[in-house]
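Chain and residue survey
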Amino acid sequence: LEMKRGFCDDDDQFPAGKRISTLDLPHNPKNVQTVATALFDELHGKGRPIELKGAGDQLSWQGFSKLCETAGCDVVRARMLWNEADRDRSGYLDRHEFFLFCARQDIYPTVARMYVVVRKKNIAQKQRLMAADELFDFLDKNKDNMLSWE
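The secondary structure content of the protein chain amounts to five helices and two strands. Ordered by position in the sequence, the α and β elements of the protein chain form the string α-β-α-α-β-α-α. Within the protein chain, buried positions represent 35% of all 150 residues. Contacts spanning at least 24 positions in sequence make up 60% of the contacts within the protein chain whose residues lie at least 6 apart.

Below, the structure is given as structure tokens:
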């Protein structure tokens with residue numbers, strides 16, 4: 001399982017053949033922190049089903065394996081990466097362990113692309129919520145924060 005360019009099958013394409021630019025996210029500690037924090041939060045539970053959450057402020061194998069699956073890793077490679085990342089052998093990744101994982105030169109390009117996708121998804125979700133709020137405000141003629149037939 002030699003992976004020279006990254007940890008997913010096709011490191012230049014994500015997702016499904018769509019090119020995503022990460023030119024504004026060069027590998028440096030600040031960008032690694034931004035990427036790792038956003039992905040950790042996404043995998044830890046924000047916008048995710050409860051079964052992907054870890055214990056406390058930790059990421060479970062289920063959440064980590066979901067990241068690897070999304071990146072195109074098979075389960076054997078994902079388990080190998082997990083064993084390398086779980087430095088204290090607790091069975092969970094804390095934020096620091098996940099940061100160190102994301103900071104790896106062979107991992108960062110892929111997680112940076114995943115961050116761009118997550119960020120775009122979150123922006124689109126916020127825009128939909130804002131549009132829904134605006135529509136509600138428009139329909140709430142008497143401004144009582146309730147919609148009625150009248």
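Having seen it, we continue.
Glancing now at the nonpolar core. Of all hydrophobic cores here, the largest spans 30 residues; its most connected members are Leu39, Phe64, Phe98 and Phe101. For this core, the secondary structure elements donating two or more residues are helix H1 (29-44), helix H2 (61-70), helix H3 (75-85), helix H4 (95-103) and helix H5 (108-139). Top contributing element to this core by residue count: H5, with seven residues.

Located in the positive-phi region is Lys143, a residue other than glycine, with phi close to 55°. Mapped onto the fold, Lys143 is located in the segment after H5. By relative accessible area, Lys143 is classed as exposed at 57%. Of note in the backbone geometry, Asn145 takes a positive phi value of approximately 60° without being a glycine.

Our focus in this paragraph is the packing of H2 against H3. The angle between the axes and the distance between the axes are what describe a pair of packed helices. Orientation of H2 relative to H3, taken along the N-to-C sense of each, is 125°, at an axis distance of 10 Å. On the basis of the axis angle, H2 is oblique to H3. Handedness of the H2/H3 crossing: right-handed. Packed against H2, whose contacting residues are Trp61, Phe64 and Cys68, the element H3 presents Val75, Ala78, Arg79, Leu81 and Trp82 at the interface.

Counting all residues, the mean pLDDT for the protein chain is 75, and 75% of those residues have values of 70 or more. Across residues 1-20 the pLDDT falls below 50, and counting only partners more than four positions away or on other chains, this stretch makes 46 contacts in the model. Residue range residues 47-55 is modelled with pLDDT below 50. Its contacts to residues more than four positions away, or to other chains, number 18 contacts.

Within this structure, the stated rule accounts for four salt bridges. Of the charged contacts in the structure, one is a salt bridge between Arg104 and Glu84, with a shortest N-O distance of 2.5 Å. Of this pair, Arg104 sits in the loop between H4 and H5 while Glu84 sits in helix H3, and the two are 20 residues apart along the sequence. Here the salt bridges share partners, and the residues they tie into one network are Asp41, Asp57 and Arg95.

Of all the positions in H2, only Gly63, Phe64, Leu67 and Cys68 are classed as buried. Angular distribution of buried residues about the axis of H2 spans 140°; they occupy a single face of the element. Trailing H2 by a residue or two, Gly72 shows a phi angle of about 95°, which is positive.

This part is about H4. Residues spaced three or four apart along an α-helix face the same direction, because each turn holds 3.6 residues. For H4, every residue scored as buried is listed here: Glu97, Phe98, Phe99, Phe101 and Cys102. For H4, the N-terminal cap is Asp94; the gap from its side-chain oxygen to the backbone nitrogen of His96 is 3.0 Å.

Basis of the calculations
- Each chain has its residues counted from 1, following the order in which its sequence is written.
- Given that this is a predicted model, residues contribute local features only at a pLDDT of at least 70 and side-chain atom pairs are listed and counted only at 80 or more, while totals for whole chains, interfaces and linings are drawn from all residues.
- Water and hydrogen atoms were dropped before computing side-chain values, which therefore reflect all heavy atoms in the structure.
- Numbering of helices and strands runs from the N terminus, with a helix taken as a DSSP run of H or I at least four residues long and a strand as a DSSP run of E at least two residues long.
- Exposure classes here rest on a 1.4 Å probe applied to the protein chains alone. A residue is buried below 20% of its type maximum, exposed above 50%, and partly exposed in between.
- Pairs of residues are marked as contacts when any of their non-hydrogen atoms sit within 4.5 Å.
- Note on terminology: a nonpolar core comprises buried Ala, Val, Leu, Ile, Met, Phe, Trp, Tyr and Cys residues joined through side-chain atoms within 4.5 Å.
- Axes here refer to lines fitted to C-alpha atoms; in helices the fit is confined to the stretch in contact. Angles between the N-to-C directions go from 0 to 180 degrees.
- With respect to orientation, any angle under 35 degrees is reported as roughly parallel, any angle over 145 as roughly antiparallel, any angle of 65 to 115 as roughly perpendicular, and every other angle as oblique.
- With the far helix as reference, a near helix turned anticlockwise by less than a right angle produces a left-handed crossing, and one turned clockwise produces a right-handed crossing.
- Per-residue confidence from the predictor is given as pLDDT, running between 0 and 100.
- Think of a salt bridge as a Lys or Arg side-chain nitrogen and an Asp or Glu carboxyl oxygen that are within 4 Å of each other.
- Taken from the helix axis, the directions to the C-beta atoms give the arc we talk about.
- In protein, a polar contact requires one atom able to donate a hydrogen and another able to accept it; more generally it is a pair of N or O atoms within 3.5 Å, and residues adjacent in sequence count only if both atoms are side-chain atoms.

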